[in-house]
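# Examination of the molecular architecture
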Amino acid sequence: MRRLITLVIVLISTLCVVNAQDEMKVSEQMARDILSQMSNTVKSYKAFRMTFSMTNENKRTGSKEKTTGVLIVKGDKYVIDLPDFVTYNDTKTVSVWQRKNNEVDISDADPDAEGDLSPSKLFCAYQSGYKLRLLGDRKIGSKTCTEIDLYPTDKKTNIIRIRLSVDASTNAIQRIFQQMKSGDSTTIDIEKFETNVSLSDNDFVFDVVSHKDVEVVDLR
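Let me begin by describing the structure that accompanies this report. Once a new chain begins, its residue numbering starts again from 1 and follows that chain's sequence as written. Restriction of local features to residues with pLDDT of at least 70 applies here, the model being predicted, together with a cutoff of 80 or more for giving and counting side-chain atom pairs; totals for whole chains, interfaces and linings are based on all residues. For the side-chain quantities, the full set of heavy atoms in the structure was used; hydrogens and water were omitted.

### Things to note about the pattern of salt bridges
- A pairing counts as a salt bridge when a side-chain nitrogen of Lys or Arg comes within 4 Å of a carboxyl oxygen of Asp or Glu. Within this structure, the stated rule accounts for 10 salt bridges.
- One continuous salt-bridge network, built from bridges that share partners, spans D149, R161 and R163.

### Examining the nonpolar core
- The term nonpolar core refers to a set of buried residues drawn from Ala, Val, Leu, Ile, Met, Phe, Trp, Tyr and Cys, joined through side-chain atoms within 4.5 Å. The buried label applies to any residue whose accessible area, calculated with a 1.4 Å probe on protein chains only, is under 20% of its type's maximum; exposed applies above 50%, and partly exposed to all values in between. Grouped together as the largest cluster of nonpolar side chains are 28 residues, with contacts concentrated most on L35, F52, L71, L132, I148 and L150.
- Each helix is a run of DSSP H or I of at least 4 residues and each strand a run of E of at least 2, with the numbering of both proceeding from the N terminus. Per-element tally for this core: the top contributor is helix α1 (residues 2-43), with five residues.
- What L150 contacts, discounting residues up to four positions off in sequence, is L35, Y126, Y130, K131, L132, I160, R161, I162 and L164.
- Core analysis: the next-biggest nonpolar cluster, separate from the first, contains 13 residues, A47, V86, L199 and F204 among them. Should any heavy atoms of two residues lie within 4.5 Å, those residues are considered in contact.

### Describing the sheet that holds strand β1 (residues 47-58)
- Pairing is mixed across the open sheet formed by 12 strands, whose spatial order is β7-β8-β9-β10-β11-β1-β2-β3-β4-β5-β6-β12. The open sheet has two edge strands, β7 (130-140) and β12 (215-218), and neither has a second partner. Within this sheet the neighbouring strands show an average axis-to-axis angle of 15°, counted without direction. In short, DSSP must find at least two bridges between two strands for them to pair. Lines are fitted to the C-alpha atoms to define the axes, a helix being fitted only along its stretch in contact, and any angle between axes, read from their N-to-C directions, falls within 0 to 180 degrees.

### Here's the deal with the pairing of strand β3 (residues 77-81)
- In terms of strand pairing, strand β2 (residues 63-74) meets β3 through five bridges, oriented antiparallel. Residue pairing for β3: V70 is matched across the bridge by D81.
- With four bridges connecting them, β3 and strand β4 (residues 85-89) associate as antiparallel partners. Note on β4: the bridge partner recorded for I80 is T87.
- Here β3 folds back onto β4, and the loop between the two strands holds three residues.

### Considering unusual backbone geometry
- With a phi close to 80°, T91 is a non-glycine residue in the positive phi region.
- We note that N196 has phi near 50°; this positive angle belongs to a residue other than glycine.
- In this structure, N196 sits in the loop between β11 (184-195) and β12.
- Relative accessible area serves as the criterion here: at 47%, N196 is assigned to the partly exposed category.

### Some thoughts on the side chain of D149
- As for its placement among the helices and strands, D149 is situated in strand β8 (residues 143-152).
- Its relative accessible area of 1% is what places D149 among the buried residues.
- Polar side-chain contacts of D149 include one of 3.2 Å to the side chain of Y151.
- Setting aside residues up to four positions removed in sequence, D149 forms contacts with K131, L132, R133, L135, R161, I162 and R163. We define a polar contact as two N or O atoms separated by no more than 3.5 Å, with the added condition that, inside protein, one atom must be a possible hydrogen donor and the other a possible acceptor, whereas residues neighbouring each other in sequence contribute only through side-chain atom pairs.

### A closer look at the pairing of strand β10 (residues 173-180)
- Note that strand β9 (residues 159-167) and β10 share seven bridges and pair antiparallel. Bridged to I159 within β10 is M180.
- Between β9 and β10, which pair antiparallel in sequence order, lie five residues; one of them, N171, sits at a positive phi of approximately 60°.
- Bridge count between β10 and β11: five bridges; the pairing is antiparallel. What sits directly across from I176, in β11, is I188.
- Linking two consecutive strands that pair antiparallel, namely β10 and β11, is a turn of three residues; a positive phi of about 100° is found at G183 within it.

### Let's talk about the side chain of T187
- Following the sequence through the fold, T187 ends up in strand β11.
- Sequence-distant contacts of T187, defined by excluding residues within four places in its chain, comprise S53, M54, T55, R175, I176 and F177.

### A word on the packing of aromatic side chains
- Between rings of Phe, Tyr and Trp, where Trp is taken as its six-membered ring, a pair exists when centres lie within 6.5 Å; planes separated by under 30 degrees are stacked, by over 60 edge-to-face, and by other angles tilted. Applying the stated rule across the entire model yields four aromatic pairs.
- Taking 6.0 Å as the distance between ring centres and 55° as the angle between the ring planes, the aromatic pair formed by Y45 and F193 counts as tilted. Of this pair, Y45 sits in the loop between α1 and β1 while F193 sits in strand β11, placing them 148 residues apart in sequence.
- Judged by its relative accessible area of 22%, Y45 is partly exposed.
- A ring pair is formed by Y88 and F206, whose centres lie 5.7 Å apart and whose planes are at 65°; its orientation type is edge-to-face. Of the two residues, Y88 sits in strand β4 while F206 sits in the loop between β11 and β12, which places them 118 residues apart along the sequence.
- The exposure class assigned to F206 is buried, which follows from its relative accessible area of 6%.
- Three or more aromatic residues joined by ring pairs make a cluster, and in this case those are Y45, F48 and F193.

Here's what the structure looks like:
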């Protein structure tokens, strides 16, 4: 009788584990489908401009800093405009203009470099290197967003998790939250998203001619 009871308990426990694993697989696939729709939506735009606010915080030190910026994208070309510096990437060269020092560092573009913010990395990072967890819907301002956590499979990385909030009605990213082992966290809120804006290839190259007093540091 005891053996029968033990077998029943083992069977029930096994079924619970299997069901939990199945639910996790379903949840991860649903999250992957949502992010795939988001990625495909972004890729369908010829060019876009994204205005955002960024909050950097460290709960250990109590520091908190908020800034605003603009990201413009055309294909794999992009410009990130922040108060202290502007990064230009035309897929061939990367130019970082430091406004305060009036200095621009120019180097060869490397899509495999750590910190590269090309659109393929921004909106397709979920495809490899992360485990996904679907959290459900949450109101961010007036918008209903589906939240998804990404956990890196590489334990050596300093990233603990990335949380993406996707607008349920437009499939557009509304918020990006990144938590680090160092205690630092970054929250990016999308304030405005303009699609199919008119941009030329010259918009993604730092214009040395119009900045005559700039100090050029060529690292190529």
